[in-house]
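Chain by chain, the residues:
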Amino acid sequence: MSNASESTENNPQSLPLHELLSRLLKSEKTSHRHPLPIMGTMQDLNDTLEASPLLDLINASLRGIGQVGFANNPVSGLLITLAVFIQSPWTALMLVVGVLVATWTGYLMHLDRPSVRNGIFGLNGALVGLALGTFGAWSNGTGNWLWVLAAIICAALSTVLMEYLGKWMAVNLGLPSMGVPFHIVTYSFLAIALYVPQPFFQLGAPPPFPNPAESLDGVSILSALISGIGQIFFSGNLVSALLIIMALALCSPMGALVGSLGSAIGLFVAILVGVDLNMVYAGLLGYNSALTAISIGGIFYVPNRKSIMFACAGAFGAAAFGWLLNLAIAPLGLPILAVSFHLGTYACFLILRRSSSSLVPIAPYAIACPEDHRFRYLTAKEAISTFRRQLQGAMAGQHHKIFFDRAPQEIKGNLRYIFDAIDRDRSGSLSLEELRHHLQQAEHPLKNEELNFLFSSMDVDNSGEIDFEEFGELLLRHRRLMSRFDEFATYFIPIDKNGNGVLEVEEMNVVLASVDEPPLSEDEVTFLQQRVGGKDLTWEIFLELLLVI
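Quick look at the structure, then. (Residues numbered from 1 in each chain as written. Predicted model: local features only at pLDDT ≥ 70, side-chain atom pairs only at ≥ 80, totals over all residues. Heavy atoms only, no water.)

**A closer look at the packing of helix α13 (residues 253-272) against helix α15 (residues 287-299)**
Reasoning step 1: Direction vectors running N to C along α13 and α15 enclose 135 degrees, while the axes themselves pass 7 Å from each other. When the axes of α13 and α15 are compared, the pair comes out oblique. With respect to the hand of their crossing, α13 and α15 are arranged in right-handed fashion. Residues G255, V258, G259, G262, S263 and G266 of α13 touch α15, and the partners they reach there are S289, A290, A293, I294 and G297.
Reasoning step 2: Per-class residue counts for the contact of α13 with α15 are four nonpolar, seven polar and no charged. (Axes fitted to C-alpha atoms, helices over the stretch in contact; angles between N-to-C directions. Helix = DSSP H or I, 4+ residues; strand = E, 2+ residues; numbered from the N terminus. Parallel < 35°, antiparallel > 145°, perpendicular 65-115°, else oblique. Left-handed = near helix turned anticlockwise from the far one by under 90°. Contact = heavy atoms within 4.5 Å. Nonpolar A, V, L, I, M, F, W, Y, C, P; charged D, E, K, R; others polar.)

Right under this line is the structure:
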């Protein structure tokens, strides 16, 4: 097959094999499907509302509210707004003002439209509204329209910071900015309100705990675990917290589950270090751990055994950071907000880059929900494991007909129909001219080198003819690959760290390790190099090997 590889290399205008095979048989795309149409990230709704500016703004804003808890779902955002309203109508108003202003500012600045529409810029504005609404309610904020004006200004600034600081962090640090703009804007506002003499913005002490706690009990601990999720949105009310968990689970049951695990770890650390039980039961040591667990265990990394382990470690670290930060800045009259979440998450990023390259990050543009990421991982795992078996068979001089042998009779019947339509002389095998004629009749003519490449890829035994099993096996391999091609390709994007388009041995070993396969042996590397004629293993050649090896 080295000749086939040389054909694509020497003729850069020639179509790769997977596209040539699409001329013979189109494959339907498959993707992860959620049990209900309102679950997941509901990307089809974005397309539907694109022509309606007002509805588009509402949709993007609701997604921004959900994105505070990594739930890119407008229905989730609506439920969370309701939960905050139950806790405090004033805070809910400030939440809505903050997210609308931040999202609208993103549109006015002509920022990346898909990012704005998926709530990436709205989330910092939502946090600004939640923070100012909560802290303002402790003193002179409720009903004070100057606080609304402050929320408008701060939310708009958070979008500006998100654009410029976010790009700087991505390029120079390789880190997502997440809620960093919110922290910069909010801490600046709180510092002015606390330390600059002025009559407009007063910050009072937080209200007393409704039921002072003196000892541990099971019911209160369970309530604290739930409240730890609610505090992501500044909501300690148990009903509000339950609604928030439902909202997160609506977008991603897996995310809600991992978040609950993180909240439990934060609760454990708080009890371990002897934090005031009133703070423990209010969930104030659980929300940072919950966010860290979700981010590492399903948003920025594929949810699997390794990522969940690191998510737990990150949740533990976030809780420890939160405890130390509270000791350090509480005397200043400032809250810790979500700083310890960022510290815990960024620490995990840096550690994983250096110590666990087999845990593949999600490509930034492809971040969705944990279930979608898991589907990509399982797709890649199946394809790579099959490739490994095929590689070992090819090295032993065998060509497996895995897909053809397992195909149901109905599918074989469909393939036979296509095969017979090409086999004009009814000889039971296909010649080069018959393949050429069929593609011309189907209005998919190929150049001579493309036709020869396609024919030689099917003619496994080099007999000069293609029998039905050779034809069927390659088309079924192609059908399987292309049905989940987007998921497979997306999983591979972060592997090519230097962006040169070449899958080097080290990079291939990373992807093999990520799906629990051992690294390539020296014999396997030698065989692959011989198969591609000593040329670089590009993405297209790798796809070709997946199909024909």
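**Focus on a nonpolar patch on the surface**
Reasoning step 1: Together, L146, L149, I152, I153, L157 and F200 line one region of the surface with nonpolar side chains, adding up to about 520 Å² of accessible area.
Reasoning step 2: With respect to the secondary-structure elements, L146 resides in helix α9 (residues 145-173). (Patch = residues over 30% accessible without salt bridge, like charges linked within 9 Å, V, L, I, M, F, W, Y side chains within 5 Å. Areas by Shrake-Rupley, 256 points an atom, 1.4 Å probe, with all protein chains shown as cover. Salt bridge = Lys/Arg side-chain N within 4 Å of Asp/Glu carboxyl O.)

**With respect to the nonpolar core**
Nonpolar side chains in soluble globular proteins tend to be buried together.
Reasoning step 1: Counting 78 residues, the largest nonpolar core has I65, F70, L132, F189, I232, F233 and F234 as its most contacted members.
Reasoning step 2: With 61 residues, the next largest nonpolar core counts A363, L451, L475 and L528 among its residues. (Core = buried A, V, L, I, M, F, W, Y, C linked by side-chain atoms within 4.5 Å. Buried < 20%, exposed > 50% of the residue type's maximum accessible area, 1.4 Å probe, protein only.)

**Points about unusual backbone geometry**
Reasoning step 1: With a phi close to 45 degrees, M178 is a non-glycine residue in the positive phi region.
Reasoning step 2: Here R426, not a glycine, exhibits a phi torsion of approximately 55 degrees, which is positive.
Reasoning step 3: On the basis of relative accessible area, R426 is assigned to the exposed category, the value being 59%.

**What about the packing of aromatic side chains?**
Reasoning step 1: This model, assessed by the stated rule, comprises 21 aromatic pairs.
Reasoning step 2: Judged by centre distance (6.1 Å) and plane angle (75 degrees), the rings of F70 and F341 are edge-to-face. Of the two residues, F70 sits in the loop between α4 (53-67) and α5 (74-87) while F341 sits in helix α17 (residues 339-355), which places them 271 residues apart along the sequence. Here the two residues F70 and F341 agree in accessibility, since each one is buried.
Reasoning step 3: Joined through ring pairs, the aromatic side chains of F70, F300, Y301, F341, Y346 and F349 make up one cluster. (Phe/Tyr/Trp six-rings, centres within 6.5 Å; stacked < 30°, edge-to-face > 60°.)

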